[in-house]
Number of protein chains: 2
Amino acid sequence: MKFCSHCGHPVQLRIPPDDARERHCCSHCGAVHYQNPKLVLGTIPVWQDKILLCRRAIEPRHGYWTLPAGFMECGETIVEGAQRETIEEAGVDITMGALFSMIDVPRIAQVHVFFLAQLNSLHFNPGSETLETRLCSEAEIPWDDLAFQTVRLTLQRFFADRARGAFGLHQAIIAPGHPAHTTA
Amino acid sequence: MKFCSHCGHPVQLRIPPDDARERHCCSHCGAVHYQNPKLVLGTIPVWQDKILLCRRAIEPRHGYWTLPAGFMECGETIVEGAQRETIEEAGVDITMGALFSMIDVPRIAQVHVFFLAQLNSLHFNPGSETLETRLCSEAEIPWDDLAFQTVRLTLQRFFADRARGAFGLHQAIIAPGHPAHTTA
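Peer 1: Even after reading the chapter, I still don't get the pairing of strand S9 (residues 110-119) of chain A, so can you show me in this structure?
Peer 2: The two faces of the sheet receive side chains in turn, since in a regular strand these alternate between them. All names here are of chain A. In terms of residue burial, S9 counts as a mostly covered element, since seven of its 10 residues are buried. Relative to S9, strand S4 (residues 38-47) runs parallel, the two sharing nine bridges. Across the sheet, the residue bridging to Thr43 is Phe115, located in S9. As paired elements, strand S8 (residues 94-105) and S9 share nine bridges and run antiparallel to each other. Looking at S9, one finds that Thr95 is bridged to Gln118. Linking two consecutive strands that pair antiparallel, namely S8 and S9, is a turn of four residues; a positive phi of about 55° is found at Ala109 within it.

Peer 1: In this structure, what is going on with the interface of chain A and chain B? I would like to understand it.
Peer 2: How big an interface is tends to be reported as the loss of accessible area on association of its parts. At the junction of the two partners, chain A supplies 32 residues and chain B supplies 33 residues. Contributions of two or more residues to the side of chain A that touches chain B are made by S4, S8 and strand S11 (170-173) of chain A. Here the side of chain A that touches chain B is built from residues that sort into 16 nonpolar, nine polar and seven charged.

Peer 1: Quick question: what am I supposed to make of unusual backbone geometry here?
Peer 2: Outside of glycine, negative phi angles account for most residues, and trans bonds account for most peptide bonds. Note the cis peptide between Glu59 of chain A and Pro60 of chain A, where omega equals -5°. By the secondary structure assignment, Pro60 of chain A is in the loop between strand S5 (50-56) and strand S6 (65-66). Of note, the phi angle at Asp18 of chain B is positive, near 60°, even though the residue is not glycine. Mapped onto the fold, Asp18 of chain B is located in the loop between strand S1 (12-14) and strand S2 (23-25). The residue Gln48 of chain B is not glycine, and still its phi comes out positive at about 50°. As for its position among the elements, Gln48 of chain B is in the loop between strand S4 (38-47) and strand S5 (50-56).

Peer 1: Please explain the confidence of the model for chain A as it appears in this structure.
Peer 2: A low pLDDT means the predicted coordinates there should not be read in detail. Considering every residue of chain A, the mean pLDDT works out to 95; 96% of them sit at 70 or more. Note on the complex model: pTM 0.95, ipTM 0.94.

Peer 1: Any chance you could explain helix H1 (residues 78-90) of chain B here in plain terms?
Peer 2: Because each turn of an α-helix spans 3.6 residues, side chains separated by three or four positions in sequence point in the same direction. Residue and element names in this part refer to chain B. Between its first and last C-alpha, H1 extends 18 Å over 13 residues, near the 18 Å set by a 1.5 Å rise per residue. Ile78, Val79, Gly81, Ala82, Gln83, Glu85, Thr86, Glu89 and Ala90 are the residues of H1 that are buried. With its phi angle positive at about 65°, Gly91 sits one or two positions after the end of H1.

Peer 1: Explain the sheet that holds strand S3 (residues 32-33) of chain B to me, please; I cannot follow it from the model alone.
Peer 2: Sheet strands line up and pair through hydrogen bonds in the backbone, either parallel or antiparallel. Taken in spatial order, the three strands of this open sheet run S1-S2-S3 (chain B), and their pairing is antiparallel. A strand with exactly one partner marks an edge of an open sheet, and here the two such strands are S1 and S3 of chain B.

Peer 1: Mind showing me how you'd approach the pairing of S4 of chain B here?
Peer 2: All names here are of chain B. Within S4, eight of the 10 residues are buried, which leaves it mostly tucked inside the rest of the structure. Pairing of S4 with strand S7 (residues 69-71), which is carried by three bridges, proceeds in the antiparallel orientation. Each residue of the ladder has a partner; that of Val40, found in S7, is Phe71. Turn length for the S4-S5 hairpin, with the two strands adjacent in sequence and antiparallel, is two residues, and the turn residue Gln48 shows positive phi of about 50°.

Peer 1: How should I be thinking about the nonpolar core in this particular structure?
Peer 2: Within soluble globular proteins, side chains that are nonpolar tend to cluster in buried spots. If you look at the biggest cluster of nonpolar residues, it comprises 78 residues, and the most contacted ones within it are Leu39 and Leu41 of chain A together with Leu39, Leu41 and Ile78 of chain B. Beyond its immediate sequence surroundings of up to four residues, Leu41 of chain A is in contact with Ala69, Gly70, Met72, Ile78, Gly81, Ala82, Glu85 and Val113 of chain A.

The rules behind these values
Residues numbered from 1 in each chain as written. Chains lettered and ligands numbered in written order. Predicted model: local features only at pLDDT ≥ 70, side-chain atom pairs only at ≥ 80, totals over all residues. Buried ≥ 20, exposed ≤ 12 C-beta atoms within 10 Å, placed from the backbone. Helix = DSSP H or I, 4+ residues; strand = E, 2+ residues; numbered from the N terminus. Pairing = 2+ DSSP bridges. Contact = placed C-beta atoms within 7 Å. Nonpolar A, V, L, I, M, F, W, Y, C, P; charged D, E, K, R; others polar. pLDDT = per-residue confidence, 0-100. Expected span 1.5 Å × (residues − 1). Core = buried A, V, L, I, M, F, W, Y, C linked by C-beta atoms within 7 Å.

What follows is the structure in structure tokens.
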């Protein structure tokens, strides 16, 4: 951020009064521009013993496999956002299930949230952000070609929970030097 | 948003290619400026049968009572953010507990997240955003003078869970015409 989005004058990085962090501040109109983490919402779409994965048609990680997910939009709820992203990326009909994983990625100021979901049909219609969709059993997951660590962790926890017969809520942190610990 | 924060030229509200929503777009440098919901993080600080509340010294809802909470900052995790806000607003030493409530407020593009927490001492040192702190039993909660609906709902669910002897995770939506349903 170089210019004030309110008045168009240059901004300076400084600590406002009664604050503890540097913000982009406009000395012309007085605006303080806060930047905050973003929520990425997605689903684990299940059909019998298989999971629906999408191969990304966009950067970052073009060509790699992911669970359907994307940035939460203003005006929607977390469940609505996760369902919308799944429809946009895979063109599938799903019934939303429980909150499953909530993973901090502080390095890029994101929190990734995944919900369980049931596929209601095998009709897929991938959107412009998806090269192809694929139903994968646990043995068929392309572990070496997954797009994001949060997807890997969510899939690992999903199959572990399925094996023990109970699905929990998993919190985790993806950070350099930080073990990807989870609490269920 | 009236001006591009990258180049300072006026922005226009239009739907970019491969998008479905209006964004603030700069026709000079090509930047697309996305706006996304924000996370508000807080705690339910517990001491024996009492809860710590803070009376707000700032707008909105100056003078009303709240659980310690505030906007998540870039570079921190959700647990770190909730703990930081509790320290900033109440000056207390706490041990963080489980994720307790996650409440959508789509009208203002916010998601409020509260964690259980244990107070480690009765030393309070309210920050500049807090007029006073108070330990309240369930009977002493100032229900008519609470600052936010998400605080009210979280406290209601907390006391209900405590009465039944088990704390769950509560998801809810605060929206006009929308019952504040929760799933535990």
